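# Architecture and fold: a report
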Amino acid sequence: MRKPRLGVVSLGCPKNATDTEVMLGLLKEEGVEITFQVEEAEICLVNTCSFIGEARQESVRNLVELADQGKELIIAGCLAQHYKEELLKEIPEARAVVGTGDISKIADVVKAISQDSSLRVVEVSEIPNDYHDEVLPRLKTGMGASAYLKIAEGCDHNCSFCIIPLLRGRFRSRSIESLTKEARMLVDGGVKEIILVSQDSTYYGLDIYGRMALPELLRALSEIEELAWIRIMYAYPSEMNMALLETIACLPKVVKYVDIPLQHSHPEILSLMARPQGPEKILARIRENIKDVKIRSTFIVGFPGETEEHFEHLLQFITESRFDRLGVFTYSRQMEVPSGHMPGQVPLKVKRARRNRIMKAQHQIASEANRALVGREIDVLIENFEGKTGLYCGRSSWDAPEIDNLVYVRDPENEFVTMGDIVRVKIDEARPYDLYGRAIASSVAVPS
Ligand code: SF4
């Protein structure tokens, strides 16, 4: 049996990134040689995204580029789940298609196609419903002292613009025991920050425990001694209940950072989106119950039927709410979901103009918020060193990887900073989205 060298390309969201690490962990365990230099690989595992049009195009672009380089392809992830065997017809270089609920079968797939060079495999469950509770091997692919922990798969909501329930299936939680075991493994491997991800992290446990169990999971993870930061991503507005708010507020390891996509503010648009009403009340409750909390949210502009009046309502809401971190997306039409068939589709030019108006307002808000931090001492997880500037680069506990702000750190006497460490930094300069400061203490004590 020939043993091809396998390369990997991981696209899309943090949930996909953890799936990639699990697939690589399973393949490594089976003795498959893995290279992170794609040019050296004979076959490439491409974990794709199919969330919206642009993401699909990026996935297809990567597949075509690799095929043009003569690589054989294993297509996994949401595009595989979305188009299944059609991908084999469209892409002759594709040797296998693996669904979002079938990642645990990756080693068998690679074995089968390695034994028979003419074989092409489709391993895609019609409805992805497999979700492993045992801790599967994982080959960490980046992020230094941080790691994502996927606490559940799928989603039980039906937001009218979202294709994820079709591609990822119903909500399926992993048990607190299994997640704590995996988190301990990651922390033993040097991880300081665990980032909890799923489609809807606040829904955690309802399927397996009959109750929303995120507070219990947070308490269990907080027992892990060397773990410094626990971050929750993807909170669902109507599930931010008092039990969760009090748990976030009282557990020192849980960072005072809430990522809560609200999507819009106008009641008419929220009901067309099939999203929870009353975002202003949810925000007030979070700020009332969690001291010094930083809130990240995301919004969609140009949803079908969005009038100038609806948009002005959203712009005013965002301006008054002063979010600490903000993402704005232009609505992406998809015919597989209800909103694709709704009247009043908004022209792209208008969508973009609306997004730009919000980002302009947010630029002002972000600048003022950062200026107010000059003179403050904050903890920073150091992740990189820039040779050109001689500056270290990291994130505060108010910043998630890849989507939020950065902190640039000077340590002129090389006294305090070690890569992957959490250091205390005195902020002395602010830019609209990034901060600059000087390290004043090292190895900030892990909250107990
Ligand atoms: S909660 Fe999130 S993942 Fe679930 S349907 Fe809504 S937007 Fe999609």
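Going by the structure above, here's the rest.
Cut-offs and rules
Residues numbered from 1 in each chain as written. Predicted model: local features only at pLDDT ≥ 70, side-chain atom pairs only at ≥ 80, totals over all residues. Heavy atoms only, no water. Pairing = 2+ DSSP bridges. Helix = DSSP H or I, 4+ residues; strand = E, 2+ residues; numbered from the N terminus. Axes fitted to C-alpha atoms, helices over the stretch in contact; angles between N-to-C directions. Contact = heavy atoms within 4.5 Å. Salt bridge = Lys/Arg side-chain N within 4 Å of Asp/Glu carboxyl O. Buried < 20%, exposed > 50% of the residue type's maximum accessible area, 1.4 Å probe, protein only.

### With respect to the sheet that holds strand S13 (residues 325-330)
- As summarised here, the arrangement of the 3 strands in space is S11-S12-S13, forming an open sheet in which the pairing is parallel. Two strands close off the open sheet at either side, each with one partner strand: strand S11 (257-259) and S13. Each adjacent strand pair in this sheet contributes to an overall mean axis angle of 15°, direction not counted.
- As paired strands, strand S12 (residues 294-301) and S13 are joined by 6 bridges and run parallel to one another. Bridge pairing in S13 links Ser-297 to Leu-326.
- Contacts from helix H13 (residues 308-321) reach S12 and S13, with the element oriented near 170° to S12.

### Describing the pattern of salt bridges
- One pass over the full model with this rule turns up 30 salt bridges.
- One salt bridge connects Glu-72 with Arg-95, and the closest N-O pair in it is separated by 3.1 Å. Residue Glu-72 is located in strand S3 (residues 72-77), and its partner Arg-95 is located in strand S4 (residues 94-98); the two are separated by 23 residues in the primary sequence.
- Given a relative accessible area of 24%, Glu-72 falls into the partly exposed group.
- Across the pair Asp-404 and Arg-296 runs a salt bridge whose closest N-O atoms are separated by 2.7 Å. With Asp-404 in the loop between strand S15 (391-396) and strand S16 (406-410) and Arg-296 in strand S12, this residue pair connects regions lying 108 residues apart in the sequence.
- The exposure class of Asp-404 is buried, given its relative accessible area of 13%.
- We classify Arg-296 as buried; its relative accessible area is 7%.
- Via salt bridges that share partners, Glu-306, Glu-308, Glu-312, Arg-354 and Arg-357 belong to a single interconnected network.

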